[in-house]
Amino acid sequence: MGWTYLSREALARAKAQMDEESMGVRDEIGFLTIHQRYADHFFPGTSVLHTRARYAIFVPWLFEDLAGLTGPAADRALRERERVLAGRLREAGESQVIGGRVFPKPSSQPPSTVYWNALAVWGILRPRLDGRTISRAHAHRLLKGVRAATDDDGQPLLGFDPPFVPLPKRPDSWRGGSITLRLAVAEAEFLRERLAQLRGSGGHELSLLARLVRTDAASPPGMWADETRAIAGPDRAPLARAQQAANLAGVGRAVYDALLEHVVEADDKREASTRHRDHLASTVAEYGAVAAKLDVDALEADIGALPLKLRAVVTATKEWIASKSTDPRPLFEVYAAAEARKGPRARLPLTPNGRARRLEWSNDEHGLAGPLHYRWEQVSMLLNDLANAE
């Protein structure tokens, strides 16, 4: 028996890796760069951690409730309020509660963390004078002057420029009683006004998210649906390329898994099923035709230059699909070079360290590869929440 000591940094890395796995985020080769850039362009402020739209109002309400507190006292109070909120929402039968799964423990990714960037991008959190985003600690300090003064509704009196724009009125059940994640009509209008003004990254044109919000309709059936394409405006061509890139990344991820499975069998001399190699064949059959149409130069015109090794992977994978080959091994070198950015965590290298990393990988438990999703599930939930307000 003995003690194993892990540093704070090692624990954080381990937790981040587990969080990525739990969210279905896989980025051995670097395709997440394409995912993030297109998603930020089409759907500014969104995150894979978002669940329901009402959190974008809950968070500033929580901060205003704590006006007068700063520093560690404010942090502790906010953490407790978010923990209690999770319990109340779970008790109300809500299923997409941030922190609901770990309640009564506090969430490691509470709403104030998950939604802070969205509050800034969506114009709910005011920017600093220098244009940068107000931090949560700074927001507490700005609210400190409110102290205990409240209006007739029990809301804090704000006598200076507050960190948040004027918010919708809190429901009577905000402080106690049943509360849900369903938006009230006034809250939906508040969010709709801000989301409808969002521009795509680095441009003056309305973002795809703004165009979708302006329809006042529930979510289209898919990101590539005719309804989405019909309102995309100048984003119609980038939307088509995003689909091609998503499919190519799906094939690429399947290639990586198939290569790994082959190395385990051929170089490590361990038995491995053909699960991922079989999946590669079906992935190419389903997504390959669209992926092969990707114009890499046009993709970079949409989202900026790709890292060189990722561009090499994208180009080589497109050519491999077009060749109709069923053997991914000719792609080994270019994929291993791209994975090298992960340093000692890379699994493909034919080295003792690579072999050790492969021992941690179980091909039967590793999830099957799929295309990029660009946070469409979160965007759909947001649109449906706005449309279903009551």
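The structure presented is a predicted model; accordingly, all values stated were derived computationally and were not measured. (Residues numbered from 1 in each chain as written. Predicted model: local features only at pLDDT ≥ 70, side-chain atom pairs only at ≥ 80, totals over all residues. Heavy atoms only, no water.)

Caption draft 1: Fine view of the overall build of the protein. Helix and strand content of the protein: 17 helices and zero strands. Burial status across the protein gives 48% buried among its 390 residues. Summarising the internal contacts of the protein: among those between residues at least 6 apart in sequence, 70% fall at separations of at least 24. Accessible surface, the protein: about 19600 Å² in total, of which carbon and sulfur atoms supply 52%. (Helix = DSSP H or I, 4+ residues; strand = E, 2+ residues; numbered from the N terminus. Buried < 20%, exposed > 50% of the residue type's maximum accessible area, 1.4 Å probe, protein only. Contact = heavy atoms within 4.5 Å. Areas by Shrake-Rupley, 256 points an atom, 1.4 Å probe, with all protein chains shown as cover.)

Caption draft 2: Structural view of the packing of aromatic side chains. A complete count under the given rule lists 13 aromatic pairs for this structure. Seen in terms of ring centroids, Y38 and Y374 are 5.8 Å apart; in terms of plane orientation they differ by 75°. Their pairing is edge-to-face. Highlighted residues: Y38 in helix α2 (residues 32-42) and Y374 in the loop between α16 (352-359) and α17 (376-387), separated in sequence by 336 residues. Neither Y38 nor Y374 differs from the other in exposure class; each is buried. Judged by centre distance (5.0 Å) and plane angle (35°), the ring pair of F63 and W116 falls under tilted. Here F63 is found in helix α3 (residues 55-65), whereas its partner W116 is found in helix α6 (residues 116-121), with 53 residues between them in sequence. Judged by relative accessible area, W116 falls into the buried class, the value being 9%. Put simply, the rings of Y38, F42, F43, W224, Y374 and W376 touch in pairs and so form one group of aromatic residues. (Phe/Tyr/Trp six-rings, centres within 6.5 Å; stacked < 30°, edge-to-face > 60°.)

Caption draft 3: Broad picture of the packing of helix α13 (residues 296-303) against helix α14 (residues 308-322). Direction vectors running N to C along α13 and α14 enclose 140°, while the axes themselves pass 11 Å from each other. Here α13 is positioned oblique relative to α14, judged by the angle of their axes. The handedness of the crossing between α13 and α14 comes out as right-handed. Of the residues in α14, those in contact with V296, D297 and E300 of α13 are R311, V314 and T315. Tallied by class, residues from the contact of α13 with α14 come to two nonpolar, one polar and three charged. (Axes fitted to C-alpha atoms, helices over the stretch in contact; angles between N-to-C directions. Parallel < 35°, antiparallel > 145°, perpendicular 65-115°, else oblique. Left-handed = near helix turned anticlockwise from the far one by under 90°. Nonpolar A, V, L, I, M, F, W, Y, C, P; charged D, E, K, R; others polar.)

Caption draft 4: Broad picture of α14. End to end, α14 covers 21 Å across 15 residues, agreeing with the expected 21 Å (1.5 Å per residue, within 8%). Within α14, burial applies to L310, V313, V314, A316, T317, W320 and I321. On its buried side, α14 packs onto α2, α11 (236-266), α12 (275-291), α13 and α15 (332-339). K324 occupies a position one or two residues after α14 and carries a positive phi of about 65°. (Expected span 1.5 Å × (residues − 1).)

Caption draft 5: Quick peek at the nonpolar core. Ranked by size, the top nonpolar core spans 102 residues in total, and within it F31, I34, F43, L191, Y335 and Y374 carry the most contacts. With 15 residues, the top contributor of residues to this core is α11. Dropping the residues within four chain positions of it, Y335 is found in contact with I29, F31, G252, V255, Y256, L259, V313, T317 and L348. (Core = buried A, V, L, I, M, F, W, Y, C linked by side-chain atoms within 4.5 Å.)

Caption draft 6: The confidence of the model for the protein, seen in detail. Looking at the protein, pLDDT values average 91 and 89% of them are 70 or higher. Under a pLDDT of 50 for its full length, residues 1-6 has, in the predicted model, one contact with residues more than four places off or in other chains. Note that pLDDT drops below 50 for residues 8-24; the model gives that stretch seven contacts with residues more than four away or on any other chain. (pLDDT = per-residue confidence, 0-100.)

Caption draft 7: Broad picture of the packing of α11 against α12. Where α11 meets α12, the axes come as close as 9 Å, and the angle between the chain directions of the two elements is 160°. When the axis of α11 is compared with that of α12, the two are roughly antiparallel. At the point where α11 passes α12, the crossing takes the left-handed sense. Taken together, the residues that form the contact of α11 with α12 break down as 10 nonpolar, nine polar and five charged.

Caption draft 8: Structural detail: helix α8 (residues 185-195). Taken as a whole, α8 has its buried residues at E187, A188, F190, L191, R192, R194 and L195. Contact partners of the buried residues in α8: α3, α9 (208-214) and α17.

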